[in-house]
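Here are the chains, one letter per residue:
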Amino acid sequence: MKRKVKFWVGRLQAHLMRRIAPKTLNIPTDHPVISFTFDDVPDSAFHYGAAILEKYGLHGTFYIAGNLAGSSDTSRKLISEDGIRALADHGHEIGCHTFSHPNVATLSGAKLQEDIDRNRSFLSRILGGRRGGHGAQLNFAYPYNAVSYFAYRRLARNYRTCRAGENRINRGATSPQMLCGMEIGLSDAYSQQLTREIDAVKEQPGWLIFFTHDISETPTPYGCTPATFEKLVQYAVQSGATILTVDAALDRYTSPRSV
Ligand SMILES: [Zn+2]
């Protein structure tokens, strides 16, 4: 019960932070950009999700929590260290999702920094000289889409961007540490209807960042089937939107020539 309350308090704070955090990133509203991202990274996200993106010549962003790597629970198996390396070798972006997957709103500053440093060391060891290795500044996704003001400030010092949930499209003046994500999950029928969000970003351009977890024939409520994921990817390609990893979208938005 106490954990549930903390979870909702963290979500509420994320909602407030999105409103009050300095909006230093301008997301142009003249051309749609779509990103496909994965949290936790079950191995099915690698086997099906990454493969589907690659089939269309695309790449995704995979937010890794080092302590989950190689573990499994009743509903899923998480990506292995070799899998993380393979993702990077295939050109996908490796992002950070903390090391131990806590609700960051509940951690002291020292504990949060310790966790950030642990995941940075973990990814540096796994990735070595690959992109994202050697302590490179990465992009981050909040576990449970929860944050506090103090966690936000510390994470902002450590990452290029931080992504929450909120199920919104990012447009215009935006805080790079409070990017909104659109969840693919709940049920497969619901996920299939997310083509309407691709229509919405085509109609009124901005940056639509999808996030999901497992891609499986029997998905959890946090993932979807390979057929549904491919339907969304194909629809996104046909929409004419530019499909980029989070890091590549950031490069586009912060480059004086292309904005
Ligand atoms: Zn997570």
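Use the structure listed above.
Rules behind the numbers
Residues numbered from 1 in each chain as written. Predicted model: local features only at pLDDT ≥ 70, side-chain atom pairs only at ≥ 80, totals over all residues. Heavy atoms only, no water. Donors = N, O, S within 2.8 Å, 3.2 Å for Na, K, Ca; no water. Buried < 20%, exposed > 50% of the residue type's maximum accessible area, 1.4 Å probe, protein only. Helix = DSSP H or I, 4+ residues; strand = E, 2+ residues; numbered from the N terminus. Pairing = 2+ DSSP bridges. Right-handed = clockwise from strand over helix to strand, strands pointing away. Contact = heavy atoms within 4.5 Å.

(A) Seen up close, the coordination of the zinc ion. The coordination sphere of the zinc ion contains the protein donors Asp40 (OD), His97 (NE2) and His101 (NE2), at a distance range of 2.0 to 2.1 Å. Taking the relative accessible area as the measure of exposure, Asp40 reaches 6% and is therefore buried.

(B) Molecular detail of the pairing of strand β3 (residues 61-64). Side chains Thr61 and Tyr63 of β3 all project onto a buried face; the interleaved residues Phe62 and Ile64 project onto the opposite face, where all are buried too. Here 4 bridges tie strand β2 (residues 33-40) to β3, and the two strands are oriented parallel to one another. Bridging from a neighbouring strand, Thr37 pairs with Thr61 of β3. In this view, the connection linking β2 to its parallel neighbour β3 by way of helix α2 (residues 43-55) has right-handed handedness. In terms of strand pairing, β3 meets strand β4 (residues 93-96) through 4 bridges, oriented parallel. Looking across to β4, one finds that Phe62 is bridged to Ile94. Tracing the backbone out of β3, into helix α3 (residues 81-89) and back to the parallel element β4 gives a crossover that is right-handed.

(C) Spatial organisation of the environment of Gly172. With respect to the helices, strands and loops of the structure, Gly172 is situated in strand β7 (residues 172-174). On the basis of relative accessible area, Gly172 is assigned to the buried category, the value being 17%. For Gly172 and Gly206, which are 34 residues apart along the polypeptide, the C-alpha to C-alpha distance reads 7.4 Å. In this structure, Gly172 is in contact with Leu25, Asn26, Ile27 and Thr29, ignoring residues within four places of it in sequence.

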